[in-house]
Amino acid sequence: MGKLVIYHKYLIDNDKTIYLTEFFNCNNNKAIIVAPSLGWYSVGPNRMFTQLAKIAEQNNVNIYSMDYPGQGESYKINQLVEYNQLKESFDLCYKYVKSVNDVVYILGYGIGNYICLEKAKIYKELEGIILYLPYLNDNYKENNVEKKTISIDTNNEQDIIKWRRYIGYGLDVDFNPISRRVIDECNKIDRKKILLEVKCPILIISNIEENYVQTNISVECVREFEKYILAKDWPKNLLPNILRNVNQKILDWVNMVDVKGKKTINNKIVIKNEIIKNEARIILEDYATENEKCLAVVHLPNKADRMPCIILVTGLGGDKMETNLTGPRLGEFFSKRGYCVIRYDSRYAGTSYNDLSEATIEKLSDDLNNVVNCLVLKYSNIIDVNNLFYIGWSEGAKIITVAAQKKDSYPAKSCVFWNPVYVENEGGIKNRNEKSSFVRNVENRKLVKSVNNAGEWFGLEYVLNNKKNNYYIDSLLKYKAKIFIIWSKGDARDKNYEFFLKQDIDESIVDTDKHSFTYDLVEHLFKLSYDWFQMLNDSK
């Protein structure tokens, strides 16, 4: 078994630029390409594809996961994506992956199932396809409870919808807007007919019992997917187990298929680690933390003079992308205004395949200091190290103030906290009642709690450390940089808000009850944060 190495790169072919995450097992040339659902990005909901890659390392399989045009790191402002663009971007990834692997499977999730079905008829050297909770009998249907659509600089509100506005199997989310036209195109496709025409081996992960006379079709029924639609609906700690078991079933099937081993195709695709977008360079980087390689993205404005730098620090389970496409949107917003932006995956988030159960604030603060030391120093000829600004989201605020107390930290000029969490609320993870907040993870012999929006466990050590409110509060009181806080109305009703009211810190409240804010409000958060940073720059 080889050592798994994680890369990220841009694949460029004519006018197409696609972001690809590559989980590469150096001693093998068998691969699975993931076609994710629209509205998400390459790690998948609940980090399901990152977790697939972790198990794949033990099974000698390489995993490749992409971002469609308009999604994730392939993000473009206000792009209304057509279904053909999704298929063309998948072609680009397949062409690259087949150039470096002899044996290739494709896995579809959500709308990715449609793409995989259609491509299985075209790719003659394909070994097999995996359909993860496909819509084979029903069309995507609008949720009658939540008909509201959103508008993003378009006169036609119906062009863009939220993904959860459409009810579907599986764990789809409502974070990111997608084009209604893609849904309409998908509903025209006769999936059952295409399924029967595909000749290569097929594995279907289904939420219902299904029988097929075709000998090339295997079905793995997971009844839990029928009962629980959204991650928050699942009983405590069931979701991580189910995802892990399904991933293992997929890899067992891949390794059972009788493969012939096909020749690779010539690679004529341009591969880059940076692109230019809106007169700013977007550079794919990595950094070392505790001898592990983690991924990061740097946005650099094209300007001659030294520039201030913003580091985005997300909370538990957060990554360089984040809810509402916040990561790339923040990078674009501030780089247009002359700021460098650094965003990154900690060793327990995003593309990093370590278990979230091993995370602690101490370790996450080490990751922050490591990424700053690595990348700020690398670009120290153009970054003004005396003008470092941090944006801390949720528990990211704690990570910032704890990291600042360590010897290897770089002092910030100022911070903006979005819904910071320092004081645990009653009924949250502070509550140690096993029946209400914890269950016993028999396998690992320790108490854990499920992080519903991440589909993973975090460990007892994290929970117990969170009870040490005074430790985190002490790190905040010792923090020397100026702080500005942006609250949602919902968070402005909890104990954290009450605590910060006593600290005489500037604040603003925005009109939403959501801890993660909303897609529409994120731009307003950027504007408030920018105004604060500019005020400090103007007053120097």
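These numbers come from a predicted model, not from an experiment.

(A) Up close: the overall build of the protein chain. In terms of helices and strands, the protein chain carries 14 helices and 25 strands. Across the 540 residues that make up the protein chain, the buried fraction comes to 61%. Long-range contacts, defined here as pairs at least 24 residues apart, represent 71% of the contacts in the protein chain between residues at least 6 apart.

(B) How the structure looks around empty space enclosed by the protein. Going through the model one piece at a time under the given rule, you end up with four cavities of 30 Å³ or more. In this model, the largest cavity occupies a volume close to 120 Å³. For the lining of the largest cavity, the class distribution of residues is ten nonpolar, five polar and no charged. Along the walls of the second largest cavity sit 13 residues, with Lys 277, Ile 282, His 299, Pro 328 and Glu 332 positioned nearest its centre. Those elements that provide at least two residues to the lining of the second largest cavity are strand S15 (280-289) and helix H8 (326-335). Examining the composition of the lining of the second largest cavity, we find that three residues originate from one element, H8, more than from any other. Partitioning the lining of the second largest cavity into residue classes produces five nonpolar, three polar and five charged.

(C) View of the side chain of Thr 326. Turning to its location among the elements, Thr 326 is positioned in helix H8. A relative accessible area of 0% means that Thr 326 is categorised as buried. With sequence-adjacent residues up to four places away left out, Thr 326 is seen in contact with Met 321, Trp 393, Trp 418, Val 522 and Phe 526.

(D) Broad picture of the sheet that holds strand S16 (residues 292-301). Taking strand neighbours across the sheet as the criterion, the nine strands line up as S14-S15-S16-S18-S17-S19-S20-S24-S25 in an open arrangement whose pairing is mixed. Of all the strands in the sheet, the pair left with one neighbour each is strand S14 (274-277) and strand S25 (506-510). Strand after strand, the sheet turns through a mean of 20 degrees between neighbouring axes, direction not considered. Across five bridges, the pairing between strand S19 (residues 383-393) and strand S20 (residues 414-418) is parallel. Across the sheet, Ile 391 pairs through a bridge with Val 416, a residue of S20.

Parameters at a glance
Residues numbered from 1 in each chain as written. Predicted model: local features only at pLDDT ≥ 70, side-chain atom pairs only at ≥ 80, totals over all residues. Heavy atoms only, no water. Helix = DSSP H or I, 4+ residues; strand = E, 2+ residues; numbered from the N terminus. Buried < 20%, exposed > 50% of the residue type's maximum accessible area, 1.4 Å probe, protein only. Contact = heavy atoms within 4.5 Å. 1 Å grid on protein atoms, 1.4 Å probe; cavity = no way out; pocket = protein on both sides within 12 Å on 5 of 7 lines; lining within 4 Å. Points joined across faces, edges and corners; volume = space filled by probe spheres on them. Nonpolar A, V, L, I, M, F, W, Y, C, P; charged D, E, K, R; others polar. Pairing = 2+ DSSP bridges. Axes fitted to C-alpha atoms, helices over the stretch in contact; angles between N-to-C directions.

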